[in-house]
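Chain by chain, the residues run as shown.
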Amino acid sequence: MSKRILIVDDEEPLRRSLVRVLGRPGFQINAYGCSEDALSGLELEPQLIVCDYHLPRIDGISVLRAARVRCPGVKTILLSGGVCDDAITAALEEGIVDSFFIKPWRLDELLAAVDELCGR
């Protein structure tokens with residue numbers, strides 16, 4: 001059975017890149033450019049969400065927090081272009097974020113985290 005991954009990033013080139021590298025056999029990818037669309041996409045019941053922290057209007061941690069409520073078993077990866085701040089540290093400690101990567105990340109590490117969180 002395919003694992004569904006939601007990708008949320010407002011930067012189109014990065015979003016397309018994530019779709020390309022994560023769109024491997026055994027995965028179904030849905031990508032969103034804004035947090036509101038991603039929240040609607042939770043009805044697809046993803047196994048994993050890869051989400052940017054800095055999104056317009058609703059930040060990535062808020063998206064992942066809502067996802068944990070609506071899809072209790074979902075795993076999460078948060079991406080950030082900046083350093084790990086207090087909000088990210090708190091989200092990791094609360095279990096809202098399973099894995100965290102600062103951009104630019106190493107592709108092999110990201111793929112390993114995706115495989116681990118999806119049980120592959």
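Residues numbered from 1 in each chain as written. Predicted model: local features only at pLDDT ≥ 70, side-chain atom pairs only at ≥ 80, totals over all residues. Heavy atoms only, no water.

**Student:** Provide a residue-level description of the side chain of Asn-30, including the pertinent values.
**Tutor:** Here Asn-30 is to be found in strand E2 (residues 27-32). For Asn-30, the side chain forms a polar contact with the side chain of Arg-4, separated by 2.6 Å. Those residues in contact with Asn-30, other than ones at most four positions away along the chain, are Arg-4, Ile-5, Leu-6, Ile-7 and Leu-44. (Helix = DSSP H or I, 4+ residues; strand = E, 2+ residues; numbered from the N terminus. Polar contact = N/O pair within 3.5 Å; in protein donor to acceptor, adjacent residues only side chain to side chain. Contact = heavy atoms within 4.5 Å.)

**Student:** Lay out the environment of Arg-70 with the relevant residues and their values.
**Tutor:** Mapped onto the secondary structure, Arg-70 falls in helix H3 (residues 60-70). Taking relative accessible area as the criterion, Arg-70 reaches 46% and is therefore assigned partly exposed. Sequence separation between Arg-70 and Glu-45 is 25 residues; the distance between their C-alpha atoms is 8.5 Å. Those residues in contact with Arg-70, other than ones at most four positions away along the chain, are Leu-39, Leu-42 and Glu-43. Side-chain polar atoms of Arg-70 contact the backbone oxygen of Leu-39, separated by 3.1 Å. (Buried < 20%, exposed > 50% of the residue type's maximum accessible area, 1.4 Å probe, protein only.)

**Student:** I'd love a proper account of the nonpolar core, names of residues and values included.
**Tutor:** With 22 residues, the main nonpolar core has Leu-42, Ile-49, Cys-51, Leu-64, Leu-78 and Val-97 as its most contacted residues. Going through the elements one at a time, strand E1 (3-8), helix H2 (35-41), strand E3 (48-52), H3 and helix H4 (86-94) are the ones with two or more residues in this core. Sort the elements by how many residues they give to this core and H3 lands first, with four residues. For Ile-49, the contacting residues outside a window of four places in its chain are Leu-6, Val-8, Leu-42, Leu-64, Ala-67, Val-74, Lys-75, Thr-76 and Ile-77. Val-21, Leu-48, Phe-101 and Cys-118 belong to the second-largest nonpolar core, a separate cluster that totals 19 residues. (Core = buried A, V, L, I, M, F, W, Y, C linked by side-chain atoms within 4.5 Å.)

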